[in-house]
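Descriptive analysis of the structure
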Amino acid sequence: MNARDKFVAHFDVDAFYASVAVRDHPELRGKPVAVAGSSRRAVVLTASYEARPYGVRSAVPLYKARMACPDLIVVPPDMQKYRAISREIFEIFERDGRTVEGMSMDEAFVAVEAATLDEARESAAQIRREIFACTRLTVSAGVASGKMIAKIASDSCKPDGLLAIAPGDEAAFLAPLPVGRLWGIGPKMQARLAVFGIATIGELAALDDARMRELFGSWWREARELAHGIDRRPVEAERETKSISTEETFEYDVSDERQLVGVLRAQALELAEALERAHTVCATVGVKVRRADFTVVGRQAHLSEPTREARRIFRTAVHCLRRVELQGAPVRLLGTRVASLVEGDARQTSLF
Amino acid sequence: MKFSCTTKDIAAAVGAASKVVNAHTTVPILSNVLLQGESEKIAVRATDLELTLEHAFPAQVAEGGSVTIPAKLFASYLGNLAAGTLELTGTPTRASVKYERSNYDFHALPADEYPPLPAAARGSQFGIAGRRFRDGIEATIFAASSEEARGAVLMGTLLEVEGKSLTMVATDGYRLAKFATTIEDEVSANEKFIVPSRALAEVARNLGGGERIEVSALGAQSNQLRMTGGDVSITVRLVDGQYPNYQQVIPAKFDRSVTVSTPALIASLRRAELVAGDRASMVKLAIANQTLIVTASSDISGNAYEELEVEQSGEDLTIAFNARYLVEILNHIKGDKAVIEFLGPLSPAAIRPLEPLETGQQLYVLMPLRQ
């Protein structure tokens, strides 16, 4: 590790959409606010901290949020405004030639040049002040030796917080936290670990080699390093696009296959245009279906020749949809995804 | 039923049949092989409802009848027996095997629930020398499409019979393989069959050694094809559809050509492809002064340059191909020299062996890459 990139800071705007709404409508300050669309199926996109004690948080269906919190004030989203603010925030991140790895509109890792933890903390504090001065929005930040710890730190000090973890203190900081906070440990692995009585990261870090190997297979060394707070992944400026996707949640469930095929046709056109703009072709096409019972199923197919032709994408997507074997089951969401992207044009010519 | 046979005979028959069984079938009995005993023979059958393979072997049949046994399990068991003789007794629910001092009982399913063979109403039929058919299959099926999304027709291989000639064609739209040979009987009506390529692969694997293969169309609409050689018979449901007009895409005339050493060109292309890297595997062939220059380049790997001496006729040319496709075609050309014919940088090229095979004429057409 060289002195230049010694620290990673993770920044995350507090309740981004909701905070923007409160900023622009001061009468909402101190009240439970949710940003959500207006369709029958709308879900909460962001909730203000005042709404969260009621269980109102992102991805909760709006009707449930209203039941849980009758005083909830619902504000429609304004994507254009969010994008403009996001650009301002990223400009601040990138000042002084800093390396920035954007995770979403309001979240990023920033490589911080600093010789000591105090210096790194001050850099992060400076960035937070600049963002507040420019946007009147508060940002929480975590500073640490690696990306994962920095993110866990910023999540732990929300809202309007700054938490720096000194090199060497990572394992102690992680130890009391639930294992699910570690990257790569999802609900399934969490359940498996629970069977062995492992609930905290500290308990995981204390396991011996044989048990780690048994639980994690070939991944056990990385899992142990993460549990000890060792994370060597660098902040990467531009993440390569690996796939492009589009999806649609229907206002009402759809069971008619012809209607679903019509949606795939439109999505194929949209993806063909996106591939064209990105100067890439794709060799994998997949569909994602969420049934009315919320079960999700995906199918994908590989193409012998990469393409950006809407017709090929569409036909392959239809094939994938048929392989789902819906048998008339109502569908809530349908999406198409193209992957195995290769730069360039489709160059193989055809016989017919 | 009750019979005894050599472990080698039954292992070969059950092993071949078990390859047809679809491991993901949801119909339990389709996971099983059917064994039917009659006089001095046991016939083993497996099917996935599209493809059926029957393989008979000699046995001492003490009591006729039939039994079905889980295919993969039974094949693995038989594969683990040393040479010798075994005795099998079958009932609707159990198959018991005695071999030396061991005794195994396999759970069986009632044989009368096994799907019957298609009705034997026959359409046209002909015989073909085993070697000719096997060479034709090997020369063509690799060029068929493996993409289900593009439909079953392109995944099949076309068998076109006319008089005493058989033409086999496979294409995925980017390359085309054609094999023209003769059959042993003259057919009165011209026939076209689109055969799932995997069925032909089974034919090459199981019937290729035989002297003569009988091919006959089955069913009222001739929607199935049976191919029989010796003790093995493969029946397949034909693909329903219109095969692309392949004759239209094979240029009638070319204006330039090279004759090149097949192994030398394969070796050059394989090395150059390493550098070409990306999915399109683009290599360029430049032909001038009786020399073929193979080049490839990529930002990541660097540049490749290879020179080969060729016999050139006609004008100079530079053309680009997907190296994988060209190598795959050249790998199917038997003989030291290949002839590649061209019309221009964006027109189909034809590849064939300089010396045709004894068993039939191979022709390949490959579309170039746009540079």
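Residues numbered from 1 in each chain as written. Chains lettered and ligands numbered in written order. Predicted model: local features only at pLDDT ≥ 70, side-chain atom pairs only at ≥ 80, totals over all residues. Heavy atoms only, no water.

Notes on the overall build of chain A
Summing up its helical and strand segments, chain A has 12 helices and 12 strands in all. Principal-axis analysis of the C-alpha atoms gives chain A an extent of 65 × 55 × 45 Å. Here chain A, with 352 residues, has 46% of them falling under the buried criterion. Once local pairs closer than 6 in sequence are excluded, the contacts in chain A between residues at least 24 apart make up 64%. As displayed, chain A has an accessible area near 18,000 Å², and 50% of this comes from carbon and sulfur atoms. Averaging the locations of the 50 positively and 49 negatively charged side chains of chain A gives two centres separated by 5 Å. (Helix = DSSP H or I, 4+ residues; strand = E, 2+ residues; numbered from the N terminus. Buried < 20%, exposed > 50% of the residue type's maximum accessible area, 1.4 Å probe, protein only. Contact = heavy atoms within 4.5 Å. Areas by Shrake-Rupley, 256 points an atom, 1.4 Å probe, with all protein chains shown as cover. Lys, Arg positive; Asp, Glu negative; His and termini not counted. Charge placed at Lys NZ, Arg CZ, Asp CG, Glu CD.)

Some thoughts on the sheet that holds strand 11 (residues 156-171) of chain B
All names here are of chain B. Read across the open sheet, the seven strands follow the order 11-12-24-23-22-16-20; overall the sheet is antiparallel. Where the open sheet ends on each side, the last strands, each with one partner, are strand 11 and strand 20 (311-313). This sheet shows a mean twist of 20° between the axes of neighbouring strands, independent of strand direction. Sheet topology places strand 22 (residues 337-342) next to strand 23 (residues 349-353); four bridges connect them, and they run antiparallel. Directly across from V339, in strand 23, lies its bridge partner R352. The strands that helix 3 (residues 130-140) touches are strand 11, strand 12 (175-196) and strand 24 (361-366); relative to strand 12, the one it contacts most, it runs at about 155°. Its contacts with the sheet put helix 5 (residues 197-207) on strand 11 and strand 12, and the angle it makes with strand 12 is roughly 70°. (Pairing = 2+ DSSP bridges. Axes fitted to C-alpha atoms, helices over the stretch in contact; angles between N-to-C directions.)

As for the sheet that holds strand 11 (residues 296-307) of chain A
All names here are of chain A. Taken in spatial order, the four strands make up an open sheet running 9-12-10-11, and their pairing is antiparallel. Of all strands in the sheet, those bounded by a partner on one side alone are strand 9 (243-254) and strand 11. Recorded for the sheet is a direction-independent mean angle of 15° between the axes of neighbouring strands. The pairing of strand 10 (residues 280-291) with strand 11 spans eight bridges and is antiparallel. Each bridged residue has a counterpart across the sheet, and for T284 the counterpart in strand 11 is H302. Across the sheet, helix 11 (residues 257-278) is in contact with strand 9, strand 10, strand 11 and strand 12 (331-343); its angle to strand 9 comes to roughly 155°.

Thoughts on the domain arrangement of chain B
Residues and elements named next belong to chain B. Along its sequence, chain B is carved into domain 1 (2-113), domain 2 (122-248) and domain 3 (256-366). Distance between the C-alpha centres of domain 1 and domain 2: 29 Å. Contacts between the two partners involve 12 residues from domain 1, matched on the other side by 14 residues from domain 2. For the pair domain 1 and domain 2, the summed buried area comes to about 1,200 Å², and 46% of that belongs to carbon and sulfur atoms. Here domain 1 and domain 2 share three salt bridges between them. Between D231 and K41 there is a salt bridge, and its shortest N-O distance comes to 3.6 Å. The interface formed by domain 1 and domain 2 holds seven residue pairs in polar contact (both at pLDDT 80 or more) in total. With six residues, strand 4 (residues 51-58) is the largest single contributor of residues to the side of domain 1 that touches domain 2. (Domains from an automatic or database assignment. Buried area = accessible area lost by both parts, 1.4 Å probe. Salt bridge = Lys/Arg side-chain N within 4 Å of Asp/Glu carboxyl O. Polar contact = N/O pair within 3.5 Å; in protein donor to acceptor, adjacent residues only side chain to side chain.)

Considering the interface of chain A and chain B
Each side of the interface is counted separately: chain A has 20 residues, and chain B has 24 residues. The largest share of the area that chain A buries against chain B comes from R347, L351 and F352 of chain A, three residues that together contribute 36% of it. There are one salt bridge connecting chain A and chain B. The salt bridge involving R312 of chain A is made with E147 of chain B; its shortest N-O contact spans 3.0 Å. When residues of the side of chain A that touches chain B are traced back to their parent elements, those giving at least two are strand 11, helix 12 (310-324) and strand 12 of chain A. Its residues assigned to classes, the side of chain A that touches chain B comprises seven nonpolar, eight polar and five charged. (Nonpolar A, V, L, I, M, F, W, Y, C, P; charged D, E, K, R; others polar.)

Focus on the packing of helix 9 (residues 209-216) of chain A against helix 10 (residues 220-227) of chain A
Residue and element names in this part refer to chain A. Where helix 9 meets helix 10, the closest approach of the two axes is 8 Å, and the angle between their N-to-C directions is 110°. Judged on the interaxial angle alone, helix 10 and helix 9 are roughly perpendicular. When you trace helix 9 past helix 10, the crossing you get is right-handed. Residues D209, M212, R213 and F216 of helix 9 pack against W220, A223 and R224 of helix 10. (Parallel < 35°, antiparallel > 145°, perpendicular 65-115°, else oblique. Left-handed = near helix turned anticlockwise from the far one by under 90°.)

Considering the layout of surface pockets
Estimated volume of the largest pocket: approximately 560 Å³. What lines the largest pocket is a set of 23 residues, and nearest its centre among them are E309, R312 and S350 of chain A together with R150 and Y174 of chain B. Sorting the residues of the lining of the largest pocket by element identifies strand 11 and helix 12 of chain A together with helix 4 (152-155) of chain B as the ones contributing at least two each. For the lining of the largest pocket, the residue count by class is eight nonpolar, seven polar and eight charged. (1 Å grid on protein atoms, 1.4 Å probe; cavity = no way out; pocket = protein on both sides within 12 Å on 5 of 7 lines; lining within 4 Å. Points joined across faces, edges and corners; volume = space filled by probe spheres on them.)

Focus on the confidence of the model for chain A
Caution applies to low-pLDDT parts of the model: their predicted coordinates are not meant to be read in detail. For chain A, per-residue confidence averages 91 on the pLDDT scale, and residues scoring 70 or more make up 97% of the total. Between the elements of chain A, mean pLDDT differs from a low of 88, seen in strand 5 (residues 100-104) of chain A, to a high of 97, seen in strand 7 (residues 139-144) of chain A. (pLDDT = per-residue confidence, 0-100.)

With respect to the domain arrangement of chain A
Annotation of chain A at the domain level lists domain 1 (1-166), domain 2 (171-227) and domain 3 (243-343). Taking only C-alpha atoms, the centre of domain 2 of chain A and the centre of domain 3 of chain A are 36 Å apart.

Things to note about the nonpolar core
Of all hydrophobic cores here, the largest spans 109 residues; its most connected members are F3, I10, L35, F74, F133, L225 and M227 of chain B. L225 of chain B has contacts with L159, F193, V195, V215, S216, A217, I234, T235, V236 and L238 of chain B, leaving out every residue within four places of it along the chain. (Core = buried A, V, L, I, M, F, W, Y, C linked by side-chain atoms within 4.5 Å.)

Observations regarding the side chain of S140 of chain A
Residue and element names in this part refer to chain A. Residue placement: S140 occurs in strand 7. Given a relative accessible area of 0%, S140 falls into the buried group. Leaving out residues up to four positions away in the same chain, S140 has contacts with H10, F11, D12, D14, R128, S154, C157, K158, P159, D160 and G161.

A look at the packing of aromatic side chains
All names here are of chain B. Inspection of the entire model under this criterion finds 15 aromatic pairs over all chains. Judged by centre distance (5.1 Å) and plane angle (65°), the rings of Y77 and F106 are edge-to-face. Of this pair, Y77 sits in helix 2 (residues 71-79) while F106 sits in strand 9 (residues 102-107), placing them 29 residues apart in sequence. Taking relative accessible area as the criterion, Y77 reaches 11% and is therefore assigned buried. Using a relative accessible area of 6% as the deciding quantity, one classes F106 as buried. Considering the side-chain rings of Y174 and Y325, the 6.3 Å spacing of their centres and the 10° angle between planes classify their relative orientation as stacked. (Phe/Tyr/Trp six-rings, centres within 6.5 Å; stacked < 30°, edge-to-face > 60°.)

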